[in-house]
Every structure is written in structure tokens, then in C-alpha cells.
Amino acid sequence: MKFDYYLFDFDGTIAETGEGIRRSVAYALERLGRPVPGEDVLNRFIGPPLHDSFVELCGFDDEGAEHAIEVYRSRYIGTGLYEASIYPGIAQLLRALHEGGAYVALASAKPEMMVERLTKHFGIDRYIDAISGTTLGRHSADKRDLLLAALPEGADPARACMAGDRSFDIEAGKALGMTAVGTDYGYSIEGELAGAGADLVFDTVSEMTDWMLEGERPRGLFITMEGSDGCGKSTQIARLKDWLTRRGYETVLTREPGGCPISERIREVILSLDSKGMSAECEALLYAASRVEHVREVIEPAIKCGKIVICDRFLDSSIAYQAYGRELGEDFIRQINAAAAERVRPDVTILLEVDRERARARMAKGAPLDRLEMEKEDFFERVRRGYEAVKAQSPGRVFAIDAGRTIDEVFEDVKSVVDRSL
Ligand code: TYD
């Protein structure tokens, strides 16, 4: 690691918290009968102590500013706080620093209890050694004190790197003798960070990650979703992607068959009703061909650069549908998929299980059926047995979830499986 200590500002560096702050400031001003300024002025509330902003930007006196903060907090604590997300890629960066043995801390002018709540809410608390913030009710705070409080006792500030998106972050870091880097993807105005003396300014989380990790990105995670047709996979996958992105993970959502131009063309051939009568062997080979291309073009490169890949179906589908459903046997399917399987293996597979009646009802409501969905019931019974076999073979990787419940209930289980593997 380049440094022993990595200190991050929170708003505009770790988290995009602007929406909740802007809305809560506007709410306070409206309630106090004051005009609500435009978004550029509201954005200037993000980062510095609120008291200062109410005084400087809205002309309140000290007492008026304290009252405005009270009204602001009456909305912010329950609602505004959660109108936020972690910048995609931040979770992977914090994780890599933490696992690399560095000390990781947050220093924010926000009340400490709010930063704590948010880091827990978004699941990044596990990568963080310390949080320093203000106490509720304290007027303002010097960023230098916050940075010092975030370091362990006796730590040498020269061994620390701090990252922030506002001039006062950079100035405080420099004044303490730290390396201070600016995050221009946050709420800075043009030229602000360079002007404050930042050692480096990054336009994206990815640039900052490359610099902090010296190009060494840890391997990402490969999640696959499986289940019989009509199990509700698409809904859960879309939710999972959204959930992970808001928690600061860079994700790639892809599908099989398909996922890249050549494989999407193969998909058309496989699923088209014009392909009626295709031999089972040809079908299995097409799935395998589509897969190996998809792995090389999309899955493997994304995992190598640290992303989380969520794939709608993978090799287990070929085991269930072709080895069992088409009765081609597992040996043949594993053999023709070896080129793809040797390159990547799913870390976690979520298998959504639903009884056939419910699955049929769901499919009847959806898009017109494709060639595979029109198969007979005994085919789907064999597919079900195929998935049973997959589950029995890899209990540490495949997690079965009862998908016959409500979308929210199923998603709770999906989240907890993925959360454990992060
Ligand atoms: P798709 O429309 O993606 O279905 P779903 O939404 O249920 O995933 O179509 C994919 C179909 O292809 C589906 O019926 C399962 C089948 N399939 C296989 O038979 N073998 C495979 O290896 C894969 C990836 C899919």
C-alpha cells in the first residue's frame, strides 16, 4: 500500500448524498417562509457545516441558523438521510484497501451518528476502521480536527492520504502534512480542488482506485441466477443490480444465451420458433458456443477488473435443460462447456425455486413463449431434477430460495445470500 492511512470525506467523496440534503434544505427554507434558491446554491450546502451555509448562503443570524438546522433535521434524519447512494466502485476500493492492511477512516462534518447509520445502511461499515464526525448540536467543526480525530493515536500524518471534494478538505489535509487528493466527481466547482492545492484531482472513482491501488484491482465477484422458466428471475436480478449499485459496487448485468453481439445472434437462432426440430445436440453446442464467447468478451474481463458480474443463467442452465431436460447427460454437457468453465466459475449461484403451476401462470402473463418455453411438462420435470442435482453437487455455491412468495420476501433472501458473499 502507498500509505498506511486512508482518510475519506463522506459527502461527495464516498456518497452521493445531495438529493436528501437539497430537499431537506429546501424544506426548511419553505417552512421558515424563506425563498428557495436554485440547485447550484443548494449544492453548496453539501459538505461544509450546515450552520455556516445557512449563515453565508441564506443570510441567517446564528440563532436563526440553529433553528433552520432543527427544521432541516426534522426531515433529514428520517427521510433525507436515505435519499443517497454510495458512488459505484467505492465499496470495492474500500474493501481492497481494508484487505490490503491499510487503515481506512471517514472524516465528515456530518454528525457522526448519521455517517455511522449510512455506512451500516449501505454495508460499507465492514471496511472502515474509524469514523470521525461532529456531534449533533455542535455549530461547526474544523476539518483539521476531524481529520486528526480519524487517525489512530500517534499516527504520522505524513503516512496518510486524504481524499475530499471541497477546498476546505484539501486545505485541512495539506495543513496537517498529509497527501491530499481531490474527487472532482463530487460537489466541487470547477478549479476548486486544484486551486486549494490538491496533490492530484480525480474525475472518476475508477481513476482514484487505479492510483490508490497502483493498478492492482482485486478480483470481482461472479453471481449467477438460475431457475426454471417463470420463476421471477428478471425482477430479482434488476433489483439486485440496483441494490448493489447503490451500495457502491460497480456491477455488470448480463445474460445467457447472449450478453455480447455474437452470442446474442446465437440466442436468436436458439430461441426462435423457426428453429423447431433442432437436434438436442445442436442446441447444446449453440448454448456452449454462445457461452464461451460471452465469457471471453464480457464476464472474464469484468471480473478481472474487480466488477461484480450478475449473469442471468450460466452453465447450470445447460446442466438442467440440456443434460437433464434433453437427456444428453452431464458428461457431454461438461465436455462441450470445458472451454468456458475453465476460465470462470460462479462464486455464488442463486436458484429460484417455484412450483410448476405458479411458473406457468407467470409465463402466461408475460411475453409470447419462446421455443423452450413451449416444451411439454415432462421436460420441465426433468429440468427440475437437473437443478436438484446441481444443488446437491455444489452446496457451498448454490443457494436455493423459495420464489413462490412475494417479490419483497424473495428479495430479502437474495440480498442476504449476496451480502454474505461480499
Ligand atoms: P430467456 O428468455 O432468457 O428465459 P428466462 O427469462 O427464463 O431466463 O430464455 C432462455 C431460455 O434458454 C430458457 O428457456 C432456458 C434456456 N437455456 C437452456 O436451455 N440452456 C442454457 O444453457 C441456457 C443459458 C438457457
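The rules we used
- Residues numbered from 1 in each chain as written.
- Predicted model: local features only at pLDDT ≥ 70, side-chain atom pairs only at ≥ 80, totals over all residues.
- Heavy atoms only, no water.
- Near = heavy atom within 4 Å.
- Polar contact = N/O pair within 3.5 Å; in protein donor to acceptor, adjacent residues only side chain to side chain.
- Areas by Shrake-Rupley, 256 points an atom, 1.4 Å probe, with all protein chains shown as cover.
- 1 Å grid on protein atoms, 1.4 Å probe; cavity = no way out; pocket = protein on both sides within 12 Å on 5 of 7 lines; lining within 4 Å.
- Sits in = over half its atoms within 2 Å of the grid points.
- Helix = DSSP H or I, 4+ residues; strand = E, 2+ residues; numbered from the N terminus.
- Contact = heavy atoms within 4.5 Å.
- Salt bridge = Lys/Arg side-chain N within 4 Å of Asp/Glu carboxyl O.
- Buried < 20%, exposed > 50% of the residue type's maximum accessible area, 1.4 Å probe, protein only.
- Domains from an automatic or database assignment.
- Arc of directions from axis to C-beta.
- Axes fitted to C-alpha atoms, helices over the stretch in contact; angles between N-to-C directions.
- Parallel < 35°, antiparallel > 145°, perpendicular 65-115°, else oblique.
- Left-handed = near helix turned anticlockwise from the far one by under 90°.
- Nonpolar A, V, L, I, M, F, W, Y, C, P; charged D, E, K, R; others polar.
- Pairing = 2+ DSSP bridges.

> Which residues make up the site of the ligand, and what are the values?
Close to the ligand lie 16 residues; Asp 229, Lys 233, Arg 313, Ser 318 and Gln 322 are nearest. A distance of 2.8 Å separates an oxygen atom of the ligand from a polar side-chain atom of Tyr 287. At 2.7 Å, a side-chain N or O of Gln 322 approaches a nitrogen atom of the ligand. Burial of the ligand by the protein amounts to 90% of the accessible area it has alone, namely 540 Å². Counting atoms within 2 Å of the grid points, the majority share of the ligand lands in the largest pocket. For the shell around the ligand, the elements supplying multiple residues, two or more each, are α12 (261-271), α13 (280-304) and α14 (315-325). Considering every element that reaches the shell around the ligand, the biggest residue donor is α14, with four residues.

> Tell me about the side chain of Gln 92, and name the residues and values.
Along the chain, the position of Gln 92 falls in helix α5 (residues 90-99). If near-sequence neighbours (up to four positions away) are discounted, Gln 92 is found in contact with Gly 248, Tyr 249, Glu 250, Gly 306, Lys 307 and Ile 308.

> Please set out the pattern of salt bridges residue by residue, giving values where relevant.
All told, the structure shown has 38 salt bridges when counted by the stated rule. Two residues, Asp 9 and Lys 143, come together in a salt bridge whose shortest N-O distance is 3.1 Å. In this pair, Asp 9 is assigned in the loop between β1 (5-8) and β2 (15-16) and Lys 143 in helix α7 (residues 143-150), connecting sequence segments 134 residues apart. Across the salt bridge formed by Lys 391 and Glu 388, the nearest N and O atoms sit 3.6 Å from each other. Of this pair, Lys 391 and Glu 388 are both found in helix α18 (residues 377-393), three residues apart, which corresponds to roughly one turn of the helix. Judged by its relative accessible area of 22%, Lys 391 falls in the partly exposed class. On the basis of relative accessible area, Glu 388 is assigned to the partly exposed category, the value being 33%.

> Residue-level account of the domain arrangement of the chain, with values.
The domains assigned to the chain are domain 1 (5-9 + 89-212), domain 2 (18-82) and domain 3 (221-421). Relative placement of domain 2 and domain 3: their C-alpha centres are 47 Å apart.

> Describe in detail α12, supporting the description with residues and values.
Taken together, the buried positions of α12 are occupied by Ser 263, Ile 266, Arg 267, Ile 270 and Leu 271. Angular distribution of buried residues about the axis of α12 spans 120°; they occupy a single face of the element. Among the exposed residues of α12, those oriented more than 90 degrees off its buried face are Pro 261, Arg 265 and Glu 268. In this structure, the buried side of α12 is in contact with β10 (251-255) and α13.

> I'd like to hear about the packing of helix α1 (residues 18-31) against helix α4 (residues 62-76), residue by residue, with values.
Where α1 contacts α4, the axes come no closer than 8 Å and their chain directions differ by 130°. Judged on the interaxial angle alone, α4 and α1 are oblique. The handedness of the crossing between α1 and α4 comes out as right-handed. Across the interface between the two elements, Gly 20, Ile 21, Arg 23, Ser 24, Val 25, Tyr 27, Ala 28 and Arg 31 from α1 touch Ala 68, Val 71, Tyr 72, Ser 74, Arg 75 and Tyr 76 from α4. A class-by-class count of the residues in the contact of α1 with α4 yields eight nonpolar, three polar and three charged.

> So what's going on with the sheet that holds strand β6 (residues 160-164)? Residues and values would help.
Pairing within the open sheet is parallel, and its six strands lie in the order β5-β4-β1-β6-β7-β8. Strand pairing shows two members of the sheet lacking a second neighbour, β5 (130-134) and β8 (200-202), which therefore form its edges. Between one strand axis and the next, the sheet turns by 20° as a mean value, whatever way the strands run. Bridge analysis of β6 against strand β7 (residues 179-183) gives four bridges, and the strand direction is parallel. Paired with Met 162 across the strands is Ala 180, a residue of β7. Contacts from α7 reach β1, β4 (103-111), β5 and β6 within the one sheet, and its direction differs from that of β4 by about 145°. Sitting on the sheet, helix α10 (residues 205-212) touches β1, β6, β7 and β8, and the angle it makes with β8 is about 135°.

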